[in-house]
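Read off the chains here:
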Amino acid sequence: MRICHLSSGHRPDDDRIFFKEACSLAKRYPDVELLSPHPEHLPADPDGVRIITFERTKGLLGRMGAVRQLYRKGLERGADLYHCHEPESLLAAVLIKRKRGALVIFDSHELWEGVLSERGPRLVGAAAARVYRVVEKALLKRCDGGFAASQPIADHLAETLGSNRVDTLLNVPVPGVFGEGAARAWGEETVLCHDGYLTFDRGLRTMAEAVRRTAEKHRVVFKIVGDVFDEERAWLDRFVAEHKLGGTIVRTGWLPYTEVGRAMAPCHIGLVAFRRCPNHVVAAPNKVFNYLMYGMPFVGPDFNLTMQAMAAEDGVCTLADPASPESYAGALCRMIEDRAGTEAMAARALKASKEKYRWEHMEPRLFRLYERVLGARREGAGRRT
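Notes on the structure in this doc start here. (Residues numbered from 1 in each chain as written. Predicted model: local features only at pLDDT ≥ 70, side-chain atom pairs only at ≥ 80, totals over all residues. Heavy atoms only, no water.)

1. Digging into the overall build of the protein chain
So, step 1. Within the protein chain, the secondary structure is distributed over 16 helices and 13 strands.
So, step 2. Taking 2.2 N^0.38 as the reference for a compact globule, 385 residues should give roughly 21 Å; the C-alpha atoms of the protein chain span a radius of gyration of 22 Å, in line with that estimate.
So, step 3. Judged by the C-alpha coordinates and their principal axes, the protein chain covers about 75 × 45 × 35 Å.
So, step 4. Across the 385 residues in the protein chain, those meeting the buried criterion constitute 56%.
So, step 5. In the protein chain, once contacts between residues fewer than 6 apart in sequence are set aside, the share between residues at least 24 apart is 69%. (Helix = DSSP H or I, 4+ residues; strand = E, 2+ residues; numbered from the N terminus. Rg over C-alpha atoms; globule rule 2.2 N^0.38 Å. Buried < 20%, exposed > 50% of the residue type's maximum accessible area, 1.4 Å probe, protein only. Contact = heavy atoms within 4.5 Å.)

2. Observations regarding the pattern of salt bridges
So, step 1. Following the criterion strictly, the structure yields 27 salt bridges and no others.
So, step 2. The shortest N-O distance in the salt bridge between R213 and E326 comes to 3.4 Å. Residue R213 is found in helix α8 (residues 204–215), and its partner E326 is found in helix α14 (residues 325–337); the two are separated by 113 residues along the sequence.
So, step 3. Among the residues examined, R213 registers a relative accessible area of 29% and is labelled partly exposed.
So, step 4. Across the salt bridge formed by K356 and D314, the nearest N and O atoms sit 2.8 Å from each other. Of the two residues, K356 is situated in the loop between α15 (339–355) and α16 (359–384) and D314 in the loop between α13 (305–313) and β13 (317–320); the sequence distance between them amounts to 42 residues.
So, step 5. Classification of K356 as partly exposed rests on a relative accessible area of 32%.
So, step 6. On the accessibility criterion, D314 (12% relative accessible area) is buried.
So, step 7. Sharing partners across several salt bridges, the network here consists of R2, D31, E33, R50 and R77. (Salt bridge = Lys/Arg side-chain N within 4 Å of Asp/Glu carboxyl O.)

3. Here's the deal with helix α6 (residues 151–161)
So, step 1. Along α6, the residues that are buried comprise I153, A154, H156, L157 and L161. One side of α6 carries all its buried residues, which in axial view fall inside an arc of 155°.
So, step 2. Tucked into the core, α6 has its buried residues touching β5 (103–108), α4 (112–117), α5 (122–140), β6 (145–148), β7 (166–168) and α11 (278–282).
So, step 3. Downstream of α6 by a residue or two, G162 has a phi angle that is positive, lying close to 90°. (Arc of directions from axis to C-beta.)

4. Re the side chain of S150
So, step 1. Note that S150 resides in the loop between β6 and α6.
So, step 2. Given a relative accessible area of 1%, S150 falls into the buried group.
So, step 3. Among the polar contacts made by the side chain of S150, one reaches the main-chain carbonyl oxygen of V282 at a distance of 2.6 Å.
So, step 4. When residues no more than four places from it in sequence are discounted, the contact partners of S150 are T168, L170, V282, A283, A284 and T306. (Polar contact = N/O pair within 3.5 Å; in protein donor to acceptor, adjacent residues only side chain to side chain.)

5. Some points on the packing of α8 against α14
So, step 1. Put simply, α8 and α14 touch, their axes get as near as 8 Å, and they point 50° apart. By the angle between their axes, α8 is oblique relative to α14. Handedness of the crossing formed by α8 with α14: right-handed. From α8, T206, E209, A210, R213 and T214 reach across to α14, where they touch P325, E326, Y328, A329, L332, C333 and I336. (Axes fitted to C-alpha atoms, helices over the stretch in contact; angles between N-to-C directions. Parallel < 35°, antiparallel > 145°, perpendicular 65-115°, else oblique. Left-handed = near helix turned anticlockwise from the far one by under 90°.)

6. Considerations on the nonpolar core
Here is a general trend for soluble globular proteins: nonpolar side chains tend to be buried in one another's company.
So, step 1. Within the largest apolar cluster, 90 residues are counted, with the highest numbers of intra-cluster contacts made by L6, F298, M310 and Y370.
So, step 2. For this core, the element with the most residues is α16, which contributes eight residues.
So, step 3. Beyond its immediate chain neighbours, meaning those up to four positions away, L6 contacts L35, L70, G74, Y82, H83, C84, H85, E86, S89, A93 and I96.
So, step 4. L204, V228, L271 and M335 belong to the second-largest nonpolar core, a separate cluster that totals 30 residues. (Core = buried A, V, L, I, M, F, W, Y, C linked by side-chain atoms within 4.5 Å.)

So this is what it looks like as structure tokens:
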């Protein structure tokens, strides 16, 4: 049994694809491969996964070129099952299946229809989303199973694949890779945290202004565990200089996956402030699960379905309007001023992480769907003989 992960855009050391899925599968199946671009980003320890890389260029031509390379190189691998992670790799996997009858699992990290609807002018995005919806449905009909990074995305896949061939794999952390957080003190200073790449669409303006307003009343540091690039970095540098926030808003720079946890562990309150769009409504971003692993409650967007459920069922977050810095600043100030309530929320965050939101709770789902897909293939082969 040879399993080949196909990725047209994610790096070989991607946390979901490599550290979680591929490494887990390598514990049960002897031949697991990952075919991915960006050869400069290999994991330090392949951990039983064979990694094959290729070069790809940026832009539309690069994406189409990636389909050709994935098809050609994937076909050469001769795998029994192709596990693909983007629309381009889905197309390549289905073409391979048509050529040699392999199994295909589509792992939908995003609601891709929603992503495309936000590209370019509104009419162009809407048209692209409609075309993609038709193409995706046709490709999904050729798939044998599907994973989704949130329950709403799983519901979307199940409309075509059926619920028995779909499962949700939340992008939760692997404690053995991230590392457990040390006990943290909470003195006069409150450390706020954003995990990952921060852009305008991910709420940079709202967060920066909310921090400025909060800093007028409380002693805070906003720690970006990750970085800000290009136009967003230029904007943030001007904002920090204008408001004299050099010691208040800080960036760690981009860190290896294994070092992220140490940078997050001392923080007290996490932040997520995605701009409202179709994909962000249904997303379950990995940063919120990373916050919970360190007992960190968070402020999140009030429209997000996953965070609405977490607020109601787990009591680990406060929801606010990400279009309003005032709303976020108000939520932060209340959490800082109600320290007992926030510390109780932090305890619930750690409990929820241990009981629900770690990879050890997702790995069995990964194995179960693989067993169903492979079992269906074996049953079909038995009926033909």
